[in-house]
Amino acid sequence: MKDAKGIDKQWIILNELASKISKVRPLPEDVYSKLRIANNIITYYLLDEHADFEVLRDAEKEISKIQVILFGLADQDVSKEYLIKMGQALRNEIDLEFPLKQTAFNTEVKRKKGSETIRITMPVEVQIEVLGELSEHNGVIFELSQDDEQKILVEGVKERITSALKDFSVIWKFQDN
C-alpha cells in the first residue's frame with residue numbers, strides 16, 4: 001500500500017481530538033465536514049494506484065484548517081498532548097492505522113468536472129420509463145445501480161439534481177398514504 005507521508009496519521013489524531021473536544025463542547029459543523037473531506041482524499045490516494053502525490057496536498061490543506069479550529073477550542077493541556085502526537089505523526093514515530101473505507105460503490109460513483117453523482121435508496125420500485133422521463137424533464141441522468149437494485153444513481157449539476165429529487169420524491173410520498 002502507498003505511504004501517505006504521515007498525513008493519514010495526522011487525520012487519525014485530529015479525529016480523536018475532535019471526539020474528545022465534542023464531549024466537552026459542541027464543535028462547529030465545519031470540523032466534521034473537513035474531517036470527511038480529508039478522509040475521502042486520503043482514502044482515494046491510498047486506494048487508487050494512479051493517484052498523484054499532489055492529491056495529498058488537498059488533504060493537508062483540510063487538515064491545517066481542522067487544526068486551527070480544534071486547537072483553538074481545546075484547553076492548554078489537551079492542546080499540548082495532541083501537538084506532541086501531531087509531531088510524532090509527522091515524523092512517523094507513532095503507529096496508527098488509517099481506517100480505509102472500501103465499498104462496492106466506489107467504482108460506480110465518479111465525479112466529473114462540473115457534475116456530481118449521488119446515490120439514493122428507493123423505498124419503492126420505480127419503472128425505468130419513469131426514470132427516463134425524469135431525466136429528460138430535469139436535465140440529469142437517472143440510472144439504476146449496477147450493484148444494488150434498490151439504489152438509483154442521479155448525475156448532473158447539483159441544482160438540477162436537487163430539483164429532480166423534489167419531482168422524484170412525489171413518487172414515493174404518495175405510496176406511504
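Residues numbered from 1 in each chain as written. Predicted model: local features only at pLDDT ≥ 70, side-chain atom pairs only at ≥ 80, totals over all residues. Heavy atoms only, no water.

In the annotation of an unreviewed UniProt entry, the entry for the protein reads DUF2096 domain-containing protein, and the organism field reads Methanococcus maripaludis X1.

1. Examining the overall build of the protein
From N to C terminus, the protein includes six helices and three strands. Taken from the N to the C terminus, the helices and strands of the protein come in the order α-α-α-α-β-α-β-β-α. The proportion of buried residues among the 177 residues of the protein is 37%. For the protein, long-range pairs separated by at least 24 residues make up 71% of all intrachain contacts whose partners lie at least 6 apart in sequence. Accessible surface computed for the protein: about 11500 Å², of which carbon and sulfur atoms make up 50%. (Helix = DSSP H or I, 4+ residues; strand = E, 2+ residues; numbered from the N terminus. Buried < 20%, exposed > 50% of the residue type's maximum accessible area, 1.4 Å probe, protein only. Contact = heavy atoms within 4.5 Å. Areas by Shrake-Rupley, 256 points an atom, 1.4 Å probe, with all protein chains shown as cover.)

2. What about the packing of helix α1 (residues 7-22) against helix α3 (residues 55-73)?
Taken N-terminus to C-terminus, the directions of α1 and α3 make an angle of 30°; their axes are 10 Å apart at the nearest point. Compared by their axis directions, α1 and α3 come out roughly parallel. Judged by the sense of rotation from one axis to the other, the crossing of α1 with α3 is left-handed. Every residue of α3 that contacts α1 at I7, Q10, W11, L14, L17, A18 and I21 is listed here: L56, A59, E60, I63, I66, Q67, L70, F71 and L73. (Axes fitted to C-alpha atoms, helices over the stretch in contact; angles between N-to-C directions. Parallel < 35°, antiparallel > 145°, perpendicular 65-115°, else oblique. Left-handed = near helix turned anticlockwise from the far one by under 90°.)

3. Describing the confidence of the model for the protein
In the predicted model, the protein carries a mean pLDDT of 81, and the fraction of residues at 70 or more is 86%. Taken together, the stretch residues 102-110 has pLDDT below 50 and engages in 17 contacts with residues farther than four places along the chain or on a different chain. (pLDDT = per-residue confidence, 0-100.)

4. Side note on the pattern of salt bridges
Where charged atoms of side chains with opposite charge meet at close range, the side chains can pair. The tally for this structure, following the rule as stated, stands at nine salt bridges. The closest approach of N and O atoms between E62 and K65, which form a salt bridge, is 3.9 Å. Here the residue E62 and the residue K65 both occupy positions in helix α3, the gap between them amounting to three residues, near one helical turn. Given the relative accessible area of 12%, E62 is considered buried. A relative accessible area of 41% places K65 in the partly exposed class. Connected through salt bridges with shared partners, the residues E16, K20, E81 and K85 form a single ionic network. (Salt bridge = Lys/Arg side-chain N within 4 Å of Asp/Glu carboxyl O.)

5. Brief notes about the nonpolar core
With 32 residues, the main nonpolar core has W11, L14, L17, L35, I42, I63 and L70 as its most contacted residues. Elements with a minimum of two residues in this core: α1, α2 (29-47), α3 and α4 (76-90). Ranked by residue count, the leading element in this core is α1, at eight residues. Those residues in contact with L14, other than ones at most four positions away along the chain, are L35, I63, I66, Q67, L70, F71 and M86. (Core = buried A, V, L, I, M, F, W, Y, C linked by side-chain atoms within 4.5 Å.)

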